[in-house]
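Residue-level listing of the chains:
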Amino acid sequence: MACSRLLLLLIGVISSHLPEVQARPTQLWCDYMEGRIKLIEAKMLQQKHAEVVGDLRMCQDGVQQGDKSHHVTIALSEVVKPAGFTMTERTPLLHYRLSASVNESELRSPPGGQALQQQPGAPRQRSAHQRQPKKLSIFVGVVIPTLLSMFSVVVFLRIGFVVGQAGLYQGIAMFLVAYFIICMTVLSVCAISTNGALDAGGAYYMISRALGPEFGGSIGIMFFLANVCGSALYVLGLVEAIVATFGVPEDGTLATSSYQVLPSGYWWSLLYATAIALLCLLVCLVGAHIYAKATFLIFLVVMFVLGTIFISFFAVHPRTIVLPSSASFNPTANGTGPVFPTTGNFTGFKLDTLLGNLRADYTVDYTTGTMMTFATVFAVMFNGCTGIMAGSNMSGDLKNPSYSIPRGTITAVIFTFIIYNVLSVLVACSCDRVLLQRDYSFLRDINIWHPFVTVGVYSSTLSAAMSNLIGASRILYALARDDLFGKALSPAKKTSHSGNPWVSVLISWFLVQLVLFSGKLNTIASIVTIFFLLVYAAVDLACLALEWASAPNFRPTFRYFTWHTCVLGIVGCAVMMFLINAIYASASIAFMLLLLLLIHYLSPTSSWGYISQALIFHQVRSTFWKQRKQSHHKVRKYLLMLDVRKDHVKFWRPQVLLMVSNPRSSVGLIQFINDIKKSGLYVLGHVQLGDLNTLPSDPLQSQYDSWLSLVDHLNIKAFVNLTLADSVRHGVQHLLFISGLGGMRPNTLVLGFYDDCLPKDKLIDPSLSTSQFTDPSGSLQEFEQQAPLFHFASLRGSSDRQDFGEFGDGKVLGSQEYVAIIADAMKMLKNVVLARYFNNFDRAKVLSLPSTFAGKGAVYVDVWPVNLLRPDSSSYVDTCSLFLLQLACILNMVRSWRKATLRLFLCVEEGRSVRGSEDKLGQLLKELRIKAQVYPVPWDQQVALHWQRQGEWGKKQPSQSSDTTNEEKPGVDVEDNEDDYVNSFPSNTTRLSDEYLSAVNKLIRETAQPAPAVRFLYLPRPPADTRRYTTYLHQLELLTQDLGPTLLIHGVTPVITTDL
């Protein structure tokens, strides 16, 4: 079944996007693909995942030359997922929904009244969309749960306690310290949540994808237990409030109210708690949508009660309030003890009352009989501020988690902070110290109607219990789906038709019921708070590790954080943990470490990436650079820890090998590539022609000092690698094979462009070399004194050079060999960058433009992420286009280029929805966290000159291409012949006219105004026929003629992801 669906999808997708294939016989190719697909299906059943990935890539090769491989990837992924094979996060380019959303814009708009043709796979996608439950908005899904979790009972029962014990000054100081710690964690949550697509699990998902399965699994279990215990905590608190109001006194005294009719005692309280837990279970079993409706109603009730409390301070007249009996008498063991006042006063707004409540007056807590201190009061108050993750826990049920979580959480934190402080001031101005210290429920007694506060306490506590229960179930579901604990949690993966993990809800409820047997709220309050603080510290640690790793893919849209805020959050959470209870804190950390070790040794290898590898790489590069002239024993230790098998697209960074023919003419390019490397490996490579057999000694050893002096002079962080070879092509192959160590190897080859422009010497002319200094005001005389002497050969075309090269023009390689080097690099899965017109590139002059124009964004970086040689393949979601976008974004992330503006040009034709295409591309950039301005560019006149639109290709004989291919590769089989039918790029190289290329070149020059500092263009693959290499290079030359500094870029590996 999966095989047939896959074949239909492949044929439909390719036939709808490759016009050349429609006009040619494809039966042989389809037979080949069908056989390959059957092999894939067999391997899927045998769980041979690694081999399946390889076969999937081979299936893409049939159309990769035509730049349509991403469509095949989508088709394959949609079939292999239902068949039981999940593509790992290392293999895909992007999340499917991103590719699908962007590719929709490529469909031409139909004539009026005509429906779009149904694409293969669309009915299944639509039905799947209909089965999706309605997602929650930012207000209902994040703001309300966070507000209610942070308010809980503290706002009703503990405000007076804090002000009465600590005074207004210290009370506000406590809130400031508590919210400072909370805000540091909120900043980390916002940063991680805006760095990619979030899935179910909230904080667990963030930590596990950032720090790996060990930290994620251990913290996830503790977060799950914290939510379970928190739910039980609020249920017990609600039961205590109900029994205190409606329960018969346990000491046998007469009831003081006719409402006190409920039996009291341990087993009765357990029964009431079980009933409340069952109510929460029923709401959570129905799903997140009904939970959101319930919490919305509770939110309205709580806000109404808060409104009545604020009104009561102004509307209620001064009165005397009778204190609870437990607060007026505190007997000792012999039956005697100090007798406290029996009444307290609500004075209204009076200056004397405010002055009496300004300073601290710590005394004995009448509910526990213990002496209060700053630490104990702060711990009680902080327990009510630990609900900031309530919205994050709902990440799997939100419409847009990356958008909703930061805004919703920050809104809730600011709102609760204001409410707490305003209430503290109102209480301090209107209630005397005795009332605050001896009656924690005084807000009920001063309210315009006493039951309002009781309803508020019940509602907020019930909401907090449900919030923790549904949060626990989502965390357990995410843990089970990640298979960190094997089959132990496999039942928790089951979901209802609407996607609700009902088994996880049942397991969470069962554990809550077990905790309820403890019977006392204070028994579990401290451990719950410590568990939450440990999770917050882990979130801060995850954000800190991502920031320190400096990976290009960590570019959250929320930028109001630094590594300093992460460290402050970690320290604040750690201090609070030990301040609340040092024993519980130590035990919790030990428990987390035990879980970490168990997961490390027992769980299977994950495909989420390892932040440790990114940190080790960063450390190796820094240490290697600092000690490149010293002993390398420290570097060797870190290099052995780098494992290429643990490489992940999330932590990809450019590791560049820049081939330098002569440094005298490459100063501008060397400096520019230093900006684009983004904390990656940077190697300057050079090939010297020669044969060691005919030489008395190695001629390269004497040149290293000059190269290293050049590196120091330009103030760049780069290594030097020189080689001796019989040809430049062989020398580049040597360097690509041997450059680097362990996991530090070049993945991108940068070459200068092959043209007839004469190079200019930038190492002898001080006026051309002052850009190498960060201070442009330095005198030229100082530069001449500081500039070292470089022993490099003279440039071709100079008067003192007598060597005219092998080709008579001073060049050491020809156009054929140059293109062959490009093809070799792509065969070795290296990304290729060709740099043109960097001879006169002056970095300091370019970057000084913003200050000249008063910061109006005079520096532009233009990006054309489309294969301009093939108008039919104008897609922005293939590997090459996204690699091009990644490099442009990396350049924009560099400090000196941060003020530059990225301009992305969207090529559109008549008949396509310009606004729709622009919106889709904008959505793509939003998902990739790339800030750029999109400019639609009509190019119908240019496309009309392309050979495909003039009908010339239809007049050619279909056998021409296959005959040519057979001549080039004698003995090729029928399947390979059919691959050449699908791959029409060689014929595209032959048939492209100079008129079309000149028109496209003119379009690029005239569209981009003002002229950019640098352009990024799409580099097509070289033709398969080596005889067309010269034509290919000629076409690139025409395409980039007079464009200024330009990079032609071709990416062969996925380098960007939308997932965390």
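Because the structure is predicted, anything quoted here is derived from the model rather than measured. (Residues numbered from 1 in each chain as written. Predicted model: local features only at pLDDT ≥ 70, side-chain atom pairs only at ≥ 80, totals over all residues. Heavy atoms only, no water.)

Caption draft 1: Focus on the overall build of the chain. Within the chain, the secondary structure is distributed over 44 helices and twelve strands. Per-residue burial for the chain yields a buried fraction of 56% across its 1060 residues. In the chain, once contacts between residues fewer than 6 apart in sequence are set aside, the share between residues at least 24 apart is 82%. (Helix = DSSP H or I, 4+ residues; strand = E, 2+ residues; numbered from the N terminus. Buried < 20%, exposed > 50% of the residue type's maximum accessible area, 1.4 Å probe, protein only. Contact = heavy atoms within 4.5 Å.)

Caption draft 2: Inspection of the packing of aromatic side chains at higher detail. Tallied over the full model, the rule gives 27 aromatic pairs. Taking 5.2 Å as the distance between ring centres and 90° as the angle between the ring planes, the aromatic pair formed by Phe304 and Phe452 counts as edge-to-face. Highlighted residues: Phe304 in helix 14 (residues 288-315) and Phe452 in helix 21 (residues 451-481), separated in sequence by 148 residues. A relative accessible area of 47% means that Phe304 is categorised as partly exposed. For the ring pair Phe314 and Phe349, a centre distance of 5.1 Å and an interplane angle of 35° mean the geometry is tilted. (Phe/Tyr/Trp six-rings, centres within 6.5 Å; stacked < 30°, edge-to-face > 60°.)

Caption draft 3: The sheet that holds strand 8 (residues 860-864), seen in detail. Pairing within the open sheet is mixed, and its ten strands lie in the order 5-4-3-6-7-12-11-8-9-10. Each edge of the open sheet is held by one strand with a lone partner, namely strand 5 (719-725) and strand 10 (933-938). For this sheet, the mean inter-axis angle between neighbouring strands, taken without regard to orientation, is 25°. Of the strands in this sheet, strand 3 (656-659), strand 4 (682-689), strand 6 (748-752), strand 7 (831-836), strand 11 (1014-1018) and strand 12 (1046-1050) are in contact with helix 28 (residues 667-676), which crosses strand 4 at around 145°. Of the strands in this sheet, strand 3, strand 4, strand 5 and strand 6 touch helix 30 (residues 728-738), which is tilted by about 135° from strand 5. (Pairing = 2+ DSSP bridges. Axes fitted to C-alpha atoms, helices over the stretch in contact; angles between N-to-C directions.)

Caption draft 4: How the structure looks around the pattern of salt bridges. Applying the stated criterion across every chain, the model contains eleven salt bridges. One salt bridge in this structure joins Arg729 and Asp824, with 2.6 Å as the shortest N-O distance. Placement of Arg729 in helix 30 and of Asp824 in helix 33 (residues 815-827) is noted, with a sequence separation of 95 residues between them. Take Arg729: its relative accessible area is 30%, and that puts it in the partly exposed class. Ionic pairing is found between Arg836 and Asp755, a salt bridge with its closest N-O pair at 3.2 Å. You can see Arg836 sitting in strand 7 and its partner Asp755 sitting in the loop between strand 6 and helix 31 (766-769), a full 81 residues away along the chain. Here the residues in one salt-bridge network are Asp755, Arg836 and Glu1037, joined through shared partners. (Salt bridge = Lys/Arg side-chain N within 4 Å of Asp/Glu carboxyl O.)

Caption draft 5: Summary view of the pairing of strand 4. Taken across its eight residues, strand 4 has six buried, putting it largely inside the fold. Relative to strand 4, strand 3 is paired through four bridges, and the arrangement is parallel. Considered in strand 4, the bridge of Val656 is made with Tyr682. In this region the chain leaves strand 3, passes through helix 28 and returns to the parallel neighbour strand 4; the handedness of that crossover is right-handed. Between the parallel pair strand 4 and strand 5, the chain is carried across by helix 29 (residues 704-714), and the sense of this crossover is right-handed. (Right-handed = clockwise from strand over helix to strand, strands pointing away.)

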